[in-house]
Amino acid sequence: MSILIDKNIRVIVQGMTGKEGMFHTEQMINYGTNIVGGVTPGKGGKNFMKIPIFNTVEDAVNKTGGFVSVIFVPFNYSFDAIVESIFSNINIIVCITEGIPVSDMIKIKYYLNNKKTILIGPNCPGIISPEKSKVGIMPNSIFKKKGNVGIISRSGTLTYEAADQIMKMGHSISTAIGVGGDSIIGTDIKYILKLFLQDSETDCIVIIGEIGGQQEIDAIKWMINEKIIIKKPIVGFIAGKTAPQGKIMGHAGAIIRKKIETAQVKMKILKKLGVHIVYSPDEIGITVNNIIKNNIKK
């Protein structure tokens, strides 16, 4: 079992005819993703790799039955692209685009209220479930076979690094999700953690966080407040130990405003809450391996 996506999902690509859209559509198809349509206003009726292009998301949904959308639209058009998908009743939206203004995201969060639509991102690498499907830009070469380790990450690059280490230690990934690096995102770590806790094929969870905000802490505190027994070990890493306060580091959301948002304080709190903390990204794979081996011995 995987979370959010599987081999049966029907995906439409918003911005398919742009440079990034065309490249990553081909990569997703090569991975086995069922791409059923693309959306580019003014280019409806054309085809790319035998996939029909539509002028609107509504047309694409009505003609193809697509219920997942991945967005490769430039940031100045992304607000309209996301809202169009929300009101076309898309189940899952994955927005790869970075640079979407905070004011736009505040409005988008409002539109998501009372809707069943799940928004992953923006400014994220997407979702991948090995041997099933990929919606986004994660490299096909790393995620070759399904496994039992789930990854939730605010960083695209560190997602790939962690997955590669885990693979080299003889394990693999159930699902990897990049939630996005912006200060306001559609779906947070807590929501994804809940899905992994319910997933029968995920035995170990890796959370890759960053400085800024309290998502990582809030997710683990939610488990404790709900009196959820941590049966699945959680490995945590927080990037940005050397980042100065008040300076954005890499992502728009990676900016320290309070002491609790620093890497050092986050890791200290998470460790007290029962998370297996690693202090260097180089330690993720070996830590996961040791935990899985120890659980098998028990």
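Provided above is the structure to which this section pertains.
Residues numbered from 1 in each chain as written. Predicted model: local features only at pLDDT ≥ 70, side-chain atom pairs only at ≥ 80, totals over all residues. Heavy atoms only, no water.

Asks: Where do I start with the pairing of strand β5 (residues 68–71) in this structure?
Replies: Every regular strand shows the same layout, with side chains that alternate between the two sheet faces. Of the two faces of β5, both are covered, the one formed by Val-68 and Val-70 as well as the one formed by Ser-69 and Ile-71. Bridge analysis of strand β1 (residues 11–14) against β5 gives four bridges, and the strand direction is parallel. Bridging from a neighbouring strand, Val-13 pairs with Val-70 of β5. In terms of strand pairing, β5 meets strand β6 (residues 92–95) through four bridges, oriented parallel. What sits directly across from Ile-71, in β6, is Cys-95. Regarding the hand of the β-α-β motif, the stretch spanning β5, helix α3 (residues 75–86) and β6 is right-handed. (Buried < 20%, exposed > 50% of the residue type's maximum accessible area, 1.4 Å probe, protein only. Helix = DSSP H or I, 4+ residues; strand = E, 2+ residues; numbered from the N terminus. Pairing = 2+ DSSP bridges. Right-handed = clockwise from strand over helix to strand, strands pointing away.)

Asks: Explanation requested: the sheet that holds β1 in the structure shown.
Replies: By definition, the strands of a sheet pair up through backbone hydrogen bonds, in either a parallel or an antiparallel sense. Ordered by their spatial adjacency, seven strands build an open sheet running β3-β4-β2-β1-β5-β6-β7, and the pairing between neighbours is mixed. Every other strand in the sheet has two partners, leaving β3 (47–48) and β7 (118–120) as the edge strands with one partner each. Sheet topology note: the β6/β7 ladder contains three bridges and is parallel. When the sheet's bridge partners are listed, Ile-93 is paired in β7 with Leu-119. Relative to the sheet, helix α1 (residues 19–31) contacts β1, β2 (35–39), β3, β4 (51–54) and β5, its axis offset from that of β2 by approximately 170°. (Contact = heavy atoms within 4.5 Å. Axes fitted to C-alpha atoms, helices over the stretch in contact; angles between N-to-C directions.)

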